[in-house]
Amino acid sequence: GSLRKTFALAEEDRNLATDIIETTATTGAQAAGMAINLPGGLAMLFGQGAEETGQILDKTPGGSQNQRDLALLLGAGSTMVIEKIGIDKLIDGLGIGKNIKNRAARFLIDRTASGAVIEASEETIEAATRDAIIMALVDPDREFLEDFTAYEAGVAGGSGALFRSLLGIRRARGSDEETRK
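Computed from a predicted structure; not experimentally measured.

Engineer: Just give me the short version of the nonpolar core, but keep the residues and values in it.
Structural biologist: One finds Ala31, Met34, Leu45, Ile87, Leu90, Ile118, Phe163 and Leu167 forming the largest nonpolar core, which totals eight residues. Every element with two or more residues in this core is listed here: α2 (16–36), α4 (65–92) and α6 (150–180). Excluding its chain neighbours within four sequence positions, the residues that come into contact with Leu90 are Thr27, Gly115, Ile118, Glu119, Gly160, Phe163, Arg164 and Leu167. Core analysis: the next-biggest nonpolar cluster, separate from the first, contains six residues, Ile56, Ala71, Ile133 and Val138 among them.

Structure (structure tokens):
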């Protein structure tokens, strides 16, 4: 969304790597916002959800103004809740890979792979929930995941993997420093 303007890359200069980096920066900003001020962070997620839902509603016919307003509020609220759960999972992890003895393999499973699964799942659930709300209130002909592509799932997965990997490197440095004291 808004970071796209910040990076100021022309559409033809964008690729999977730039989209993953942009999305990882957004995830980091969301996590930091909630860590610094939870109500403010939740408000930010609500606003992002309203923007995303509004963009879909702008190109979706049907429904009364009240139905459209309700869809916007429910879409924003569901995005806020699902994003919050997703960020919590990205930070805490899934707890998989802890019994793997090889440190590199454990890192790949616990950090990289679980991050990809968490973020791709979270974004898919968010899109499906938003579509269900719009289907129920505004456009019964809408299809689940109508605007959600495999590319977007790939970007989300790449972003989750990068975010958890960076978080793992930072935590490993912190625990190494604690061990040395």
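Anyway, onward from the coordinates.
Engineer: Could you give an account of α2, with specific residues and numbers?
Structural biologist: Over its 21 residues, α2 extends 30 Å from the first C-alpha to the last, a length consistent with the 30 Å expected when each residue adds 1.5 Å. Looking at α2, one finds that the buried residues are Asp19, Ile20, Glu22, Thr24, Thr27, Gln30, Ala31 and Met34. The N-cap residue of α2 is Asn15: its side-chain oxygen and the backbone nitrogen of Ala17 are 2.9 Å apart.

Engineer: Before we move on, could you go through helix α3 (residues 38–58) and cite the residues and values that matter?
Structural biologist: Helix length check: α3 (21 residues) gives 30 Å between terminal C-alpha atoms against 30 Å at 1.5 Å per residue, within 8%. Considered for burial, the residues of α3 that qualify are Gly41, Leu45, Gly49, Thr53, Gly54, Ile56 and Leu57. At its buried positions, α3 is contacted by α2, α4 and α5 (103–137). Between the side-chain oxygen at the start of α3 and the backbone nitrogen of Gly40 there is a gap of 3.0 Å, and the oxygen is on Asn37.

Engineer: Now, about the side chain of Glu119: what can you tell me, with residues and values included?
Structural biologist: For Glu119, the location among the structural elements is in helix α5. Buried charge without a partner: Glu119 forms no salt bridge, and the closest opposite charge is Arg164, 10 Å away. Sequence-distant contacts of Glu119, defined by excluding residues within four places in its chain, comprise Thr27, Leu90, Ala156 and Gly160.

Each value, and the rule that gives it
Residues numbered from 1 in each chain as written. Predicted model: local features only at pLDDT ≥ 70, side-chain atom pairs only at ≥ 80, totals over all residues. Heavy atoms only, no water. Core = buried A, V, L, I, M, F, W, Y, C linked by side-chain atoms within 4.5 Å. Buried < 20%, exposed > 50% of the residue type's maximum accessible area, 1.4 Å probe, protein only. Helix = DSSP H or I, 4+ residues; strand = E, 2+ residues; numbered from the N terminus. Contact = heavy atoms within 4.5 Å. Expected span 1.5 Å × (residues − 1). Polar contact = N/O pair within 3.5 Å; in protein donor to acceptor, adjacent residues only side chain to side chain. Lys, Arg positive; Asp, Glu negative; His and termini not counted. Salt bridge = Lys/Arg side-chain N within 4 Å of Asp/Glu carboxyl O.

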